[in-house]
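Fold and contact review
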Amino acid sequence: MGRIICCGLGPGDPDLMSVRADRTVRAARHVAYFRKKGHPGQARRIVEGLLAADVCEYPMEYPVTTEIAFDSPDYARLLASFYDEWTERLARLARAVDIVVLCEGDPYFYGSFMHLHSRLQGRVEIEVIAGVPGMAGCWNAVGRPIALGDDVTTVLMGTLPEAELEQRMRNSDALVIMKTGRNLTKVRRALASAGRLNEAWLVERGTMPNQRVARLVDVDAADCPYFAIVLVHGQGRRGGSVE
């Protein structure tokens, strides 16, 4: 019996992979990874030059990404069918060999593999290798601590309703806002309403060769990068106490 090993690759820079992840990738003989049709895939790009020459690759191409609304019944149906199909294929392969599934960031932190993880429970042996979350790479790119002292840090999805975004932005010190892309305009409005826009940073493709770090107020409102995170830094311990 083989295993399915989900390998967290970190935020994008191959140098930020763990020693264990690097060792697993180099030893892999069967590798699967998610990608958009017509694109090499971000996870695959991270391991370029690390894979064995004779590795068998299994690109898992999403049937849909941003072509239709993520909350539509068609979107949910297509994605569920996609995950069901790849669950069967990977489970079948793992009867004989180890399959390494590449995952950006940390698999257990909003990782796409979790849609397969839940379906594979009880069917095959699964191992998950931790990775540096993408947001950690992004706040390091800014070069400032995201939180200090008594700061409360909230991780938000840009897909949330604008009113909920605003409420949570008001009630937290440090903010990490993921899934920006087409939601960036809504995120900007919510930050402005919460009085936090001037504090916000946009980090696009953090730790990657084409990284961009800018204050959100300086970014054109029409510029909605897909692979980006918005950060608002906390202010540190209250009352000037030190521990």
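Before reading on, note that the structure itself is shown above.
These notes cover the structure that comes with them. A quick note: this is a predicted structure, and the numbers were derived from the prediction, not measured. (Residues numbered from 1 in each chain as written. Predicted model: local features only at pLDDT ≥ 70, side-chain atom pairs only at ≥ 80, totals over all residues. Heavy atoms only, no water.)

Looking now at the overall build of the protein. Across its full length, the protein carries seven helices and ten strands. A compact globule built from 243 residues would reach a C-alpha radius of gyration of about 18 Å, and the protein, at 19 Å, matches this within 12%. With the principal axes as the frame, the protein shows a C-alpha extent of 60 × 45 × 35 Å. Looking at the 243 residues of the protein, the share that counts as buried comes to 47%. (Helix = DSSP H or I, 4+ residues; strand = E, 2+ residues; numbered from the N terminus. Rg over C-alpha atoms; globule rule 2.2 N^0.38 Å. Buried < 20%, exposed > 50% of the residue type's maximum accessible area, 1.4 Å probe, protein only.)

The buried count for strand 1 (residues 3-8) comes to five of six residues, which makes it a mostly enclosed element. Here five bridges tie strand 1 to strand 5 (residues 125-129), and the two strands are oriented parallel to one another. Across the sheet, C7 pairs through a bridge with I129, a residue of strand 5. Pairing of strand 1 with strand 4 (residues 99-103) involves five bridges; the strand directions are parallel. Directly across from G8, in strand 4, lies its bridge partner C103. (Pairing = 2+ DSSP bridges.)

This brings us to the sheet that holds strand 10 (residues 228-232). If you trace the five strands from one edge of the open sheet to the other, you get 6-7-10-8-9, paired in mixed fashion. A strand with exactly one partner marks an edge of an open sheet, and here the two such strands are strand 6 (153-157) and strand 9 (212-215). The sheet shows a mean angle of 20 degrees between the axes of neighbouring strands, taken without regard to direction. Sitting on the sheet, helix 5 (residues 134-142) touches strand 6, strand 7 (174-178), strand 8 (200-204), strand 9 and strand 10, and the angle it makes with strand 10 is about 60 degrees. Its contacts with the sheet put helix 7 (residues 184-193) on strand 7, strand 8 and strand 10, and the angle it makes with strand 10 is roughly 5 degrees. (Axes fitted to C-alpha atoms, helices over the stretch in contact; angles between N-to-C directions. Contact = heavy atoms within 4.5 Å.)

Scanning the entire structure with this criterion turns up 15 salt bridges. With a shortest N-O distance of 2.8 Å, R3 and D98 are connected by a salt bridge. Taken together, the residues span a long stretch of sequence, with R3 in strand 1 and D98 in the loop between helix 3 (73-93) and strand 4 at a distance of 95 residues. Classification of R3 as partly exposed rests on a relative accessible area of 25%. Close ionic contact of D54 with R29 constitutes a salt bridge, the shortest N to O distance being 3.9 Å. Separated by 25 residues along the polypeptide, D54 in the loop between helix 2 (42-46) and strand 3 (56-62) and R29 in the loop between helix 1 (19-27) and strand 2 (30-36) bring together distant segments of the chain. With relative accessibility at 54%, the residue D54 sits in the exposed group. By sharing partners, the salt bridges in this structure join R3, R20, D98 and E127 into a single network. (Salt bridge = Lys/Arg side-chain N within 4 Å of Asp/Glu carboxyl O.)

By secondary structure assignment, the location of E127 is in strand 5. Here R20 takes part through its side chain, which lies 2.5 Å from a polar atom of the side chain of E127. Filtering out sequence-adjacent residues up to four positions away, E127 remains in contact with R3, I4, I5, C6 and R20. (Polar contact = N/O pair within 3.5 Å; in protein donor to acceptor, adjacent residues only side chain to side chain.)

On to helix 3. In this model helix 3 runs 30 Å from its N-terminal to its C-terminal C-alpha over 21 residues, within 8% of the 30 Å that 1.5 Å per residue would give. Buried residues of helix 3: Y75, L79, F82, Y83, W86, T87, L90 and A91, and no others. The arc that holds the buried residues of helix 3, viewed along the axis, is 155 degrees, so those residues lie on one side. What points out from helix 3, more than 90 degrees from its buried face, is the exposed set P73 and R77. Packing partners of the buried residues in helix 3 comprise strand 1, strand 2, strand 3, strand 4 and helix 4 (114-120). (Expected span 1.5 Å × (residues − 1). Arc of directions from axis to C-beta.)

Here we come to the nonpolar core. If you look at soluble globular proteins, the nonpolar side chains tend to sit buried side by side. I4, M60, F82, L90, V101 and L116 are the most contacted members of the largest nonpolar core, which totals 24 residues. Looking at this core, the elements that each hand over two or more residues are strand 1, strand 2, strand 3, helix 3, strand 4 and helix 4. Among the nonpolar cores identified, the runner-up in size contains 19 residues, and I177, A194, L216 and V232 belong to it. (Core = buried A, V, L, I, M, F, W, Y, C linked by side-chain atoms within 4.5 Å.)

Our focus in this paragraph is the sheet that holds strand 2. Reading across the sheet, the five strands line up as 3-2-4-1-5 and stay open at both edges, with parallel pairing between neighbours. Each edge of the sheet is formed by a strand with only one pairing partner; in this case those strands are strand 3 and strand 5. Across the sheet, the mean angle separating the axes of adjacent strands is 25 degrees when strand polarity is ignored.

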